[in-house]
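Structure assessment
If you want the building blocks of each chain, they are given just below.
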Amino acid sequence: MKHLLQRCLLGLLSLSMCVMTSGCWSAFEIQQVDYAKAFGIDYKDGMYHLYVQTLDFASVAKSESSTKSADTPPVWVGHAEGKTMSLALNELFLTAQLHMAWGHVTAIVMAEGVLTSKHIKEVFDMLGRFPESRYTTWVYGTREPLEKILSATSMYNMSPLDSILHNPLPTYMEESLYPPVLSFKLIATHNDPATTTYLPSLALNNTQWAENEKKHDLFLVEGAFFEKTGYDFEYFPRSQLPGYHWLIKDMRRAPY
């Protein structure tokens, strides 16, 4: 009788542990997830404009495979606006058809409107509130339309991740004029009064490369933004920055 009671108690204990043990009920299948890979942020007419580049899992996986598809990988770009960054993001959620994963963002592009209106502080304040956000994303400024920047694809039908936007280091090894900037580095230099905050300016070029005689938009770092006063940046093209690369400690290669 005593052994039977012990077995019953052990069984009840095991059953209660199974009930209390957390499972994977909140998990999503990978084909049911939108992977946000890049943010685009602008500020005009008193409103924040938020652009989000999303890729499906097949497009993300192509960067780890030597097999190239005959079709251009699809790139979806969502756009919403609001008086704050959070309101703009919530507006975007209204039409999102799938669960959005934010832990894979590798690039943030800020338009000239947000860089010259002293609203960059609010941008990083909002991004830092998301537990999935990371401080190892590449950060750029741009004077191009954000929707056009985030819709650009790579060469040879490769994954959009194989581009300067998401992986600037290979191009930087060929021409070390404008070093890429990670978000934690941008924040660190901004908080240090002894340093000048620098941000590479991203653009599109469709005059140098063509696919079967058809011009193709490819990324180019055309210049840089420098902070002149608190949270206010000014743009300088390549022609106004001769010799800047000689100030870069890790400069590897430059044409002049």
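You'll find the structure just up there.
Residues numbered from 1 in each chain as written. Predicted model: local features only at pLDDT ≥ 70, side-chain atom pairs only at ≥ 80, totals over all residues. Heavy atoms only, no water.

1. Let's talk about the environment of P180
What counts here: Numbering of helices and strands runs from the N terminus; a helix is a DSSP stretch of H or I covering at least four residues, while a strand is a stretch of E covering at least two. In what follows, a contact means two residues having at least one pair of non-hydrogen atoms within 4.5 Å.
Looking at where P180 falls in the secondary structure, it is placed in the loop between α7 (169-174) and β7 (181-182). Taking the C-alpha atoms as reference points, P180 and W138, separated by 42 residues in sequence, lie 7.0 Å from one another. Ignoring sequence-local partners within four residues, the contact set of P180 consists of W138, P168, L169, Y172 and P200.

2. Some thoughts on the pattern of salt bridges
Pairs may arise between side chains of opposite charge once their charged atoms sit close together. Note the threshold: Think of a salt bridge as a Lys or Arg side-chain nitrogen and an Asp or Glu carboxyl oxygen that are within 4 Å of each other. We call a residue buried when its accessible area falls under 20% of the maximum for its residue type, exposed when it is over 50%, and partly exposed in between, using a 1.4 Å probe and counting protein chains only.
All chains considered together, the criterion is met by two salt bridges. The residue E112 makes a salt bridge to R143 at a minimum N-O spacing of 3.4 Å. One end of the pair, E112, is in helix α4 (residues 112-115); the other, R143, is in the loop between β6 (138-142) and α6 (146-151), with 31 residues separating them in the sequence. Judged by its relative accessible area of 26%, E112 falls in the partly exposed class. Residue R143 is classed as partly exposed on the basis of its relative accessible area, which comes to 47%. Residues R238 and E175 are paired through a salt bridge, measuring 3.1 Å at the closest nitrogen-oxygen approach. Linking R238 in the segment after β12 (232-237) with E175 in the loop between α7 and β7, this pair joins segments that are 63 residues apart in sequence. Among the residues examined, R238 registers a relative accessible area of 25% and is labelled partly exposed.

3. Focus: the pairing of β6
Both faces of the sheet carry side chains from a regular strand, because those side chains alternate between them. Filter applied, for reference: DSSP bridges decide pairing: two strands pair if at least two such bridges lie between them.
Where burial is concerned, most of β6 is hidden: five out of the five residues are buried. Here β6 shows no split at all, with W138, Y140 and T142 on one side and V139 and G141 on the other all buried. Judged from the five bridges that link them, strand β5 (residues 107-111) and β6 form a sheet pairing that is parallel. Looking across to β6, one finds that A111 is bridged to T142. Of the pairings in the sheet, the one linking β6 to β7 comprises two bridges and is antiparallel in character. Residue pairing in the sheet places W138 in a bridge with L182 of β7. Where β6 meets strand β8 (residues 198-205), two bridges bridge the pair, whose relative direction is parallel.

4. As for the packing of aromatic side chains
Stated formally: Ring geometry is summarised as follows: Phe, Tyr and Trp rings, the Trp one being its six-membered ring, pair when their centres sit within 6.5 Å, and such pairs are stacked at plane angles under 30 degrees, edge-to-face over 60 and tilted between the two.
The final tally for this structure, using the stated rule, is six aromatic pairs. Centre to centre, the rings of Y43 and Y48 are 4.8 Å apart; their planes meet at 65°, and the pair counts as edge-to-face. With respect to class, Y43 is no different from Y48; both count as buried. Pairing F226 with F236 gives two aromatic rings, centres 5.8 Å apart and planes at 75°, and the pair type is edge-to-face. Within this pair, whereas F226 is found in strand β11 (residues 218-229), its partner F236 is found in strand β12, the two being separated by 10 residues in sequence. Pairwise contacts between aromatic rings join F39, F93 and W102 into one cluster.

5. Considering the side chain of E227
The following threshold applies: We call two N or O atoms a polar contact when they sit within 3.5 Å, provided that within protein one can donate a hydrogen and the other can accept it, with sequence-adjacent residues counted only if both atoms are side-chain atoms.
Positionally, E227 belongs in strand β11. In this structure E227 comes out as buried when scored by relative accessible area, which is 15%. Only 3.0 Å separates the side chain of E227 from the side chain of H190, close enough to count as a polar contact. Every residue in contact with E227, bar those within four places of it in the chain, is listed here: H190, T196, T197, D232 and F233.

6. What about unusual backbone geometry?
Despite not being glycine, N212 has its phi angle at roughly 50°, a positive value. Position of N212 among the secondary structure elements: in the loop between β9 (210-211) and β10 (214-215). Positive phi values are uncommon outside glycine, yet E213 reaches one of about 65°. Looking at E213, the relative accessible area reads 79%, which means it is exposed.

This is a description of form; function is not addressed.
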